[in-house]
Every structure is written in structure tokens, then in C-alpha cells.
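# Descriptive analysis of the structure
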Amino acid sequence: MAALNRILTPLTVGTTQLPNRMVMGAMHTRLETLDRPHERLAAFYAARAEGEIGLILSGGYSPNPEGVMENGGPLFNSATQLDEHRAVTEAVHQAGGRIILQILHAGRYAKVENCVAPSPIKARINTYVPRELTTQEVWRTLEDFVNTAALAIEAGYDGVEIMGSEGYLLNEFTAALTNHREDEFGGSFDARLRLPLEIIRAVRQRIGKGAILIYRISSIDLMEGGMSGTEIANFAGQVESAGADLINTGVGWHESAVPTIGATVPRAVWRESIRNVKRAVSIPVMASNRINTPEIAEALITSGDADLVSMARPLLADPDFAKKVRLGTTDEINTCIACNQACLDRIFTERTATCLVNPRAGREIEFPKGPAPVSKRVAVVGGGPSGMAFAINASERGHRVTLFEADTQLGGQLNLAKAVPGKAEFHEMLRYFRVRLDRLNVTLNLGKTVNADDLLSGDFDEVVIATGVKPRIPDIAGIDHSKVVSYVDVLKGTVEIGSRVAIIGAGGIGFDVAEFLVGDAEESLLAEAFFRAWGVDPESERAGGLSPDNLHTSTARAVCMFQRKAEPLGKRLGKSTGWILKAKLRKAHVQMIPGAHYTAIDDDGLHYSVDGNAKVLPVDHVILCSGQIANRDLFEQLQARGVTPRLIGGADVASELDALRAIDQATRLAVAIV
Ligand code: NAP
Ligand code: SF4
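An unreviewed UniProt entry lists the chain under the name NADPH-dependent 2,4-dienoyl-CoA reductase, from Pseudomonas synxantha.

Now the structure itself:
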């Protein structure tokens with residue numbers, strides 16, 4: 001393992017010494033919408049402080065009601081709220097950590113009717129048209145930032161971060177695209193920078209030198225009409241002169257047509273934009289976006305591109321990330337796979353954030369720590385995500401677990417997912433499971449198909465069935481034709497797929513298979529390929545950092561996806577990642593046909609009708625991605641013998657099964673078994 005000395009080196013920011021260079025980035029969790037919100041937030045952040053993260057940035061709090069993300073969203077503008085914030089800061093400090101309050105005015109992204117902006121220009125991702133702030137209101141907004149900063153320090157925060165990136169209010173002021181003002185806050189480049197710089201100066205004056213002041217700059221806007229690299233570097237220098245202790249870097253606007261943090265984005269791909277900021281200032285600069293391993297973090301600091309690294313989602317995935325780096329047990333880090341499924345996708349659909357690989361995230365108060373009162377002998381059958389997650393969590397509680405898996409390797413459906421371009425992070429998930437199972441001494445029985453006799457004679461106190469799913473075979477004439485193959489064979493690579501393909505079923509797996517057939521794995525692994533595919537100029541020589549050379553994918557394969565529902569294909573994919581997948585498939589000219597009725601498969605191809613019009617698509621292969629059915633053979637065998645085992649994962653409910661539900665259910669069962 002490469003040495004990880006630099007991320008473990010202390011750093012002084014302002015007058016505060018941080019014990020290491022690893023920072024938990026700001027992330028809105030919506031925990032405030034659950035019961036006992038302050039207790040939950042305190043437990044959530046304290047767990048990260050206990051895990052030795054150098055610094056925590058809170059989720060964004062608006063300085064005034066018109067700047068909230070949504071109605072009821074986080075707002076900190078009154079002394080009556082001090083106690084709820086003190087619950088958080090005291091918990092973090094008691095755990096040995098430091099926490100900063102992020103002040104975020106959502107500007108034209110606020111999903112509220114009275115949202116405001118520098119100019120009345122609607123964002124693509126909001127239904128509300130913002131009202132233009134008057135000059136007097138801009139000055140009042142500045143006062144609101146200062147008021148919130150002062151309240152934050154009074155509540156015990158170690159400083160504040162002023163959010164100036166991602167297309168929120170201050171970013172809207174700095175970009176010509178969204179700032180058409182003619183007063184002292186618009187027009188020239190200097191006038192557009194005025195509001196953020198005045199805020200930094202005023203906040204610094206109010207909170208003094210003892211508290212940390214961070215400004216989050218947009219290191220690349222990824223919007224036509226955004227700032228150029230030269231302007232960003234100039235602005236960074238002025239942020240330093242205005243009194244910031246540290247510059248954090250943001251990437252793109254929420255409405256950008258370029259993905260910035262999904263799993264299809266290569267790790268640390270934004271380093272050139274970050275380096276541009278770093279070279280312009282002498283205060284520390286923090287890198288962010290798609291940094292999920294200690295090695296990547298170390299490389300960013302060693303190369304001189306950044307002084308610290310911010311990791312938001314990786315700290316949801318593993319609160320002990322920094323501690324494991326210090327202890328040299330980085331192979332036990334539960335790595336964020338950048339799926340966005342349980343964090344961003346939930347937040348964007350008005351639910352609370354948690355983590356696919358760590359269901360305890362944001363739910364710390366629901367999962368008691370410590371061993372079970374009695375150590376039981378537990379058999380778990382199935383080595384997919386639910387079986388492995390159960391085995392690990394039960395074993396951590398002191399149970400003696402034996403895991404049976406019919407295949408010779410662990411992983412189940414994860415082994416299929418990792419073959420899809422853009423899903424290479426699943427390798428990390430498998431590594432985490434394997435290492436933890438090994439360290440916890442879970443007895444593994446691979447390549448063994450167990451039956452009811454084996455389990456009943458095995459002297460187990462508990463039997464858990466996690467036997468997963470079987471692909472659903474639809475009832476279509478000619479389904480046994482040699483052209484018909486299952487997605488399992490395709491993703492395993494056991495069949496050679498022809499150049500004309502029909503995919504039946506357009507759920508998560510149908511889309512994955514389409515991407516497998518036409519996608520380019522390099523785009524999610526290599527910076528150059530990614531920039532070329534998405535038209536990015538990483539050094540922002542052109543304003544906004546977009547390049548005209550957005551190359552369209554050419555593929556020799558003609559792929560057509562079908563579903564029976566009349567709605568657009570991909571409507572139910574994750575909100576933050578579905579658009580990326582659809583854009584990639586569109587570029588590869590994949591056809592999508594909703595409302596299909598399948599009539600037959602024969603030598604001519606796939607026969608179907610849409611709106612009563614009969615058609616035939618000549619194809620070499622028809623790939624079945626038509627959902628799953630629960631694999632309950634063993635469960636039923638045991639039931640017939642008078643034993644009712646526990647049932648988890650796809651074997652329990654196959655419909656719309658995903659790893660999120662499987663791991664959550666398994667973890668909860670492991671905690672429930674006493
Ligand atoms: P899914 O999301 O339930 O989609 C099943 C698809 O099959 C639908 O498009 C459905 O659309 C169609 N279908 C259902 N019954 C059919 C029938 N009898 N005949 C023909 N078509 C039928 O299931 P999935 O795609 O298998 O994904 C399962 C879960 O795993 C999802 O939550 C997904 O996000 C997750 N996932 C897993 C992987 C993996 O590799 N394991 C990868 C990506 C996603 P119509 O009924 O409209 O035809
Ligand atoms: Fe990372 Fe996925 Fe967990 Fe979000 S849900 S923190 S993206 S692993």
C-alpha cells in the first residue's frame with residue numbers, strides 16, 4: 001500500500017490547527033424533516049468526528065427565508081435557534097471534532113414562489129421565475145449573511161463556509177449569464193464579484209480572526225456564459241485578499257448538462273480546475289468532487305493541486321474513513337460508489353438522505369451499538385449484497401456466522417453490475433465485503449448449494465435466506481428461440497452479441513445492458529475520454545469551461561429498447577443519474593419504444609405492435625431484461641419441514657429490488673436478532 005503521509009499531516013487554517021487534511025464536505029440531508037431532528041443531526045456529525053475527520057462542513061443553511069432550498073428547508077436567522085445548533089456543535093466537540101456552518105442562499109434554485117436572483121432569469125431546473133433583487137435588497141442580503149455567520153459562532157461552530165458555487169445565488173452574481181444588472185452589483189466583471197467579496201469582508205469583520213472563514217468558489221461553471229479560467233483565478237485572488245482563510249472548490253452548476261459527481265465521472269477529474277485556483281492564491285485550497293479513496297486524496301495533495309480534500313458522500317458511506325487511514329486499515333473503508341441512490345436521489349425527491357452501502361448514515365440513533373446479549377450460531381444462505389451485509393453486521397454484534405454461496409465467488413448481482421461501463425466502483429463494494437467477512441472470521445462455504453437437510457442438521461440457532469432472484473421469463477411465442485438470451489449471460493460475457501439487438505424491459509438492468517452494448521468504459525475512467533465525450537474544456541479557456549468539440553458516440557451496434565408501459569423509457573431511473581444514462585444512449589442512437597406489445601420472436605426477429613400497428617424488428621439477439629422473480633426454493637423446502645427461516649433481499653421481495661433495499665433490510669435484521 002502506498003504511503004498516505006500527506007493527508008495525515010496537520011494543517012493550520014486561519015488560527016485553527018486541523019489534525020489531518022480530510023474534510024467532510026457539506027451535504028443537505030433533510031434530516032430536519034424527521035422526528036428528533038437535532039438529536040439525529042448531532043449523532044450523525046458526532047459519528048464522523050469520532051471517526052477522526054479533520055473538519056466537518058454542515059449542510060447549507062439559508063441566511064433568509066427567500067434563500068431556502070425548499071419550503072421548510074434549513075434556515076438560520078434567529079437567536080431562538082441557537083440551542084438546536086448547540087446540540088450539534090457540542091456533540092461534535094465532545095467527540096473531538098470541529099464543525100463549520102455552511103451559509104447557502106439558493107438564489108434562483110430555491111423551490112419557493114418568492115425566490116430571488118440577481119436578474120429575473122428562470123433556471124432550467126426550477127419551475128419558479130426568480131424576482132430581481134433591488135439594490136437595497138442586495139445590501140440587506142449581505143447583512144443576512146453576516147447575521148447568520150455571527151449566530152453560527154455564537155452557537156459554537158468553528159467558523160463558516162460561504163457557498164459561492166454550484167449555481168446558487170453568489171455564483172449567479174459572478175456569472176454574466178445570470179447577472180444582467182446595471183447597478184453596482186452587475187455589468188462589469190468587478191461589479192459582478194462585488195457581492196461575494198463584500199460578504200467575505202463583512203463576515204470576517206464580524207466573526208474576527210479566531211473563526212475559520214471558507215469561501216466555496218466555482219472552479220469551473222460548466223455553463224455557457226459562466227466565468228473563464230482566468231476570471232476564476234482572478235476572483236480567487238480577490239477572495240483571499242477579502243479575508244478568506246481557505247478556498248473550497250465547487251464544480252459546475254446544478255443545471256449543467258455535464259455530469260460532475262456521478263459514477264460515470266472519473267475520479268478526481270476536476271483537478272485542472274482546482275489547480276487553476278490553487279495557483280492563484282497562497283491560502284489553502286480544498287479539492288472536491290469524485291474523491292472517494294485515500295489514495296486519490298493523497299495524490300491530489302502530493303501533486304500540489306490542493307492542500308485538503310473534501311469528501312461528502314464518502315463520509316456518509318464510512319464515518320470512520322479518516323480513522324481507518326490513520327490505523328492503516330484502508331482496505332476496510334466502505335467506499336462510496338457514487339451511485340447517488342440513497343443520498344442525492346432521495347434528497348431530490350423530498351426524502352431524507354442515507355447511504356446505499358451504509359444504511360446507518362443519518363439513522364445513527366436507530367442503530368444501537370454494541371454486542372448482542374447472546375452470541376448465536378447463524379447460517380445465511382446467499383452471498384449477494386443482502387447475505388454479505390447481514391453476515392458482516394451480525395458478526396460485528398458477536399454472532400457466529402456461516403455464509404453459504406452456491407457460486408464459487410461472492411457478490412451475486414454485484415458481479416453483473418460491475419461489468420457495466422460507469423459501474424467500476426462496484427469493485428470497491430465487493431472488496432469491502434470480502435475484507436470485512438475475512439477480518440470478522442465469518443465462515444465461508446463457497447461453491448456449495450445447501451439444502452434443507454444441511455441446514456437442519458447444522459445446529460444453527462437462526463437461518464437467514466438471502467438466495468436472491470431469478471430472471472423473469474416473459475410469456476412470448478418463440479421465447480425459446482436461439483436469438484433469445486438473458487441479461488445475465490450478456491453481462492457475464494458468456495454470449496457473443498450481434499450487431500442488431502432488441503432489449504425487452506427498460507428498468508435499471510435494461511438500461512445497464514444497453515450501456516454495456518454501446519458504452520465506452522474509458523469515459524468513466526480517463527479524464528481525456530470524459531472531457532471529449534461531454535465537451536469539457538477543463539482549464540476554462542472558453543468562458544464556462546465548455547468545449548465545442550462534444551463528440552458523438554458512434555457505435556456499430558443498433559440497439560432498440562422496449563417496454564410495455566406507455567410512459568417514456570427511463571422515467572423511473574434515479575433523478576441525479578438517469579439523465580446521464582439517457583443522454584449517453586441518445587448519443588449512441590439507441591432507439592426507445594414505449595407501449596410495446598410483444599407478439600413473437602422468430603428467425604425474422606422481434607414481432608411487436610404499438611397502438612395496434614404490427615411491426616417486426618430484424619435482430620440478431622433479443623435480450624431479456626424483464627425483471628426478476630424471488631428465488632425461494634430453499635425457503636419453501638424449509639417451510640415444508642416446519643421451519644420458517646428469516647427472508648431478506650430479493651428472495652423476500654423481488655419487485656424493483658436494488659442493493660439499497662437489500663443492504664438496508666439485511667442490516668436491520670442483523671441488529672434485530674438478539
Ligand atoms: P425493473 O426495474 O422492475 O424493470 C423490469 C422491466 O421489465 C420493466 O421495464 C418492465 O416494464 C419489464 N417487464 C416486467 N414484466 C415483464 C413481462 N412479463 N414481460 C415483459 N416485460 C416485463 O427490474 P430490473 O431492470 O430487473 O431492475 C431491478 C432493480 O435492480 C431495479 O431497482 C434497478 O434499479 C436495480 N438495478 C440492478 C442492476 C444489476 O445489475 N443487478 C443494475 C441496474 C439496476 P414493462 O412492464 O413496462 O414492460
Ligand atoms: Fe455514495 Fe451511493 Fe452512499 Fe450516496 S448512496 S453516499 S453515492 S454510496
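What follows picks up the thread again.
## Overview of the overall build of the chain
Within the chain one finds 21 helices and 27 strands. A globule of 674 residues ought to have a C-alpha radius of gyration of about 26 Å, and the chain, at 26 Å, matches this closely. Counting only C-alpha atoms, the chain reaches 75 × 65 × 45 Å along its principal axes. Burial status across the chain gives 61% buried among its 674 residues.

## Points about unusual backbone geometry
The backbone of Leu222 shows a phi angle near 55°, a positive value even though the residue is not glycine. Relative to the assigned elements, Leu222 resides in the loop between strand E9 (212–220) and helix H6 (229–242).

## Considerations on the site of ligand 2
In the region of ligand 2, the neighbouring residues are Arg313, Leu316, Cys336, Ile337, Ala338, Cys339, Asn340, Ala342, Cys343, Cys355 and Leu356. For ligand 2, the cavity whose grid points lie within 2 Å of the majority of its atoms is the largest cavity. Of the residues belonging to the shell around ligand 2, the class tally is 9 nonpolar, 1 polar and 1 charged.

## Thoughts on the side chain of Glu166
Within the secondary structure, Glu166 sits in the loop between strand E8 (159–164) and helix H4 (169–174). Within the structure, the side chain of Glu166 is placed 2.4 Å from the side chain of Ser165, a separation counted as a polar contact. If near-sequence neighbours (up to four positions away) are discounted, Glu166 is found in contact with Tyr109, Asn171, Arg216, Gly250, Val251, Gly252, Trp253 and His254.

## Focus on the packing of aromatic side chains
Using the criterion set out here, one finds 14 aromatic pairs in the structure. Between Trp270 and Phe530, the ring centres sit 5.9 Å apart and the planes meet at 85°, which makes this aromatic pair edge-to-face. Note that Trp270 is positioned in the loop between strand E10 (246–251) and helix H7 (271–278) and Phe530 in helix H18 (residues 527–534), a separation of 260 residues in sequence. Judged by relative accessible area, which is 1%, Trp270 ranks as buried. Phe530 gets classed as buried once you look at its relative accessible area, which sits at 0%. Put simply, the rings of Trp139, Phe173 and Phe185 pair up and form one aromatic cluster. One cation-aromatic arrangement involves Arg194 over Phe185; the distance from NZ or CZ to the ring centre is 5.6 Å.

## Here's the deal with empty space enclosed by the protein
One pass over the structure, following the stated rule, counts 2 cavities of 30 Å³ or more. Roughly 90 Å³ of internal volume is contained in the largest cavity. For the largest cavity, the lining is made up of 14 residues, of which Cys336, Cys339, Cys343, Cys355 and Leu356 are closest to its centre. Classifying every residue of the lining of the largest cavity gives 11 nonpolar, 2 polar and 1 charged.

## Overview of the domain arrangement of the chain
Once the domains are mapped, the chain shows domain 1 (6–366), domain 2 (377–470 + 629–672) and domain 3 (473–535 + 542–626). Taken over C-alpha atoms, the centre of domain 1 sits 37 Å from the centre of domain 3. Across the boundary between the two partners, domain 1 contributes 26 residues, which contact 20 residues of domain 3. A combined buried area of about 1700 Å² lies between domain 1 and domain 3, and 67% of that area is made up of carbon and sulfur atoms. By the criterion of area lost to domain 3, the three top residues of domain 1 are Pro259, Thr264 and Pro266, representing 28% of everything that side buries. Seen at the junction of domain 1 and domain 3, the total is 0 salt bridges. In this structure, the connection of domain 1 to domain 3 is made through 6 residue pairs in polar contact (both at pLDDT 80 or more). The greatest single-element share of the side of domain 1 that touches domain 3, amounting to 3 residues, is contributed by helix H11 (residues 344–348). A per-class count over the side of domain 1 that touches domain 3 returns 15 nonpolar, 7 polar and 4 charged.

## A word on the sheet that holds strand E11 (residues 285–287)
Overall, parallel pairing links the 8 strands, which are arranged E3-E4-E5-E8-E9-E10-E11-E12 in a closed barrel. Within this sheet the neighbouring strands show an average axis-to-axis angle of 30°, counted without direction.

## Looking at the pairing of strand E25 (residues 621–624)
Of the two faces of E25, the one carrying His621 and Ile623 and the one carrying Val622 and Leu624 are both buried. Note: strand E18 (residues 484–486) against E25, 3 bridges, orientation parallel. Residue pairing in the sheet places Val485 in a bridge with Ile623 of E25. Here strand E19 (residues 500–504) runs beside E25; their pairing, made up of 4 bridges, is parallel. When the sheet's bridge partners are listed, Ala502 is paired in E25 with Val622.

## A closer look at the UniProt feature "domain: NADH:flavin oxidoreductase/NADH oxidase N-terminal" (unreviewed entry) in the chain
Feature annotation in UniProt places "domain: NADH:flavin oxidoreductase/NADH oxidase N-terminal" (unreviewed entry) on residues 7–331, given in this structure's numbering. The span residues 7–331 is 35% helix and 16% strand, and its two end C-alpha atoms sit 16 Å from each other.

## A closer look at helix H21 (residues 659–672)
Compared with the 20 Å implied by 1.5 Å per residue over 14 residues, the 20 Å span of H21 between its first and last C-alpha is a close match. Those residues of H21 that sit buried are Ala659, Leu660, Ala662, Ile663, Ala666, Thr667, Leu669, Ala670 and Val671. Those residues of H21 hidden inside the fold are in contact with helix H12 (385–396), helix H14 (426–439), strand E16 (462–465) and strand E27 (646–647).

## Looking at the sheet that holds strand E20 (residues 558–562)
Spatial strand order, E18-E25-E19-E20-E21: 5 strands in an open sheet with parallel pairing. Of all the strands in the sheet, just E18 and strand E21 (591–593) have a single pairing partner and so form its edges. If you compare each strand with its neighbour and ignore which way they point, the axes differ by 25° on average.

## Digging into the packing of helix H3 (residues 135–154) against helix H5 (residues 189–207)
Interhelical geometry of H3 versus H5 gives an angle of 35° and a closest axis separation of 9 Å. Relative to H5, the crossing made by H3 is right-handed. Residues Val138, Trp139, Leu142, Phe145, Val146, Ala149, Ala150 and Ile153 of H3 pack against Arg194, Leu195, Glu198, Ile199, Ala202, Val203, Arg206 and Ile207 of H5. Residue composition of the contact of H3 with H5, by class: 13 nonpolar, no polar and 3 charged.

Rules used in this analysis
Residues numbered from 1 in each chain as written. Chains lettered and ligands numbered in written order. Predicted model: local features only at pLDDT ≥ 70, side-chain atom pairs only at ≥ 80, totals over all residues. Heavy atoms only, no water. Helix = DSSP H or I, 4+ residues; strand = E, 2+ residues; numbered from the N terminus. Rg over C-alpha atoms; globule rule 2.2 N^0.38 Å. Buried < 20%, exposed > 50% of the residue type's maximum accessible area, 1.4 Å probe, protein only. Near = heavy atom within 4 Å. 1 Å grid on protein atoms, 1.4 Å probe; cavity = no way out; pocket = protein on both sides within 12 Å on 5 of 7 lines; lining within 4 Å. Sits in = over half its atoms within 2 Å of the grid points. Nonpolar A, V, L, I, M, F, W, Y, C, P; charged D, E, K, R; others polar. Polar contact = N/O pair within 3.5 Å; in protein donor to acceptor, adjacent residues only side chain to side chain. Contact = heavy atoms within 4.5 Å. Phe/Tyr/Trp six-rings, centres within 6.5 Å; stacked < 30°, edge-to-face > 60°. Lys NZ or Arg CZ within 6 Å of the ring centre and 35° of its normal. Points joined across faces, edges and corners; volume = space filled by probe spheres on them. Domains from an automatic or database assignment. Buried area = accessible area lost by both parts, 1.4 Å probe. Salt bridge = Lys/Arg side-chain N within 4 Å of Asp/Glu carboxyl O. Pairing = 2+ DSSP bridges. Axes fitted to C-alpha atoms, helices over the stretch in contact; angles between N-to-C directions. UniProt positions renumbered as here; feature names shortened; annotations may be inferred. Expected span 1.5 Å × (residues − 1). Left-handed = near helix turned anticlockwise from the far one by under 90°.

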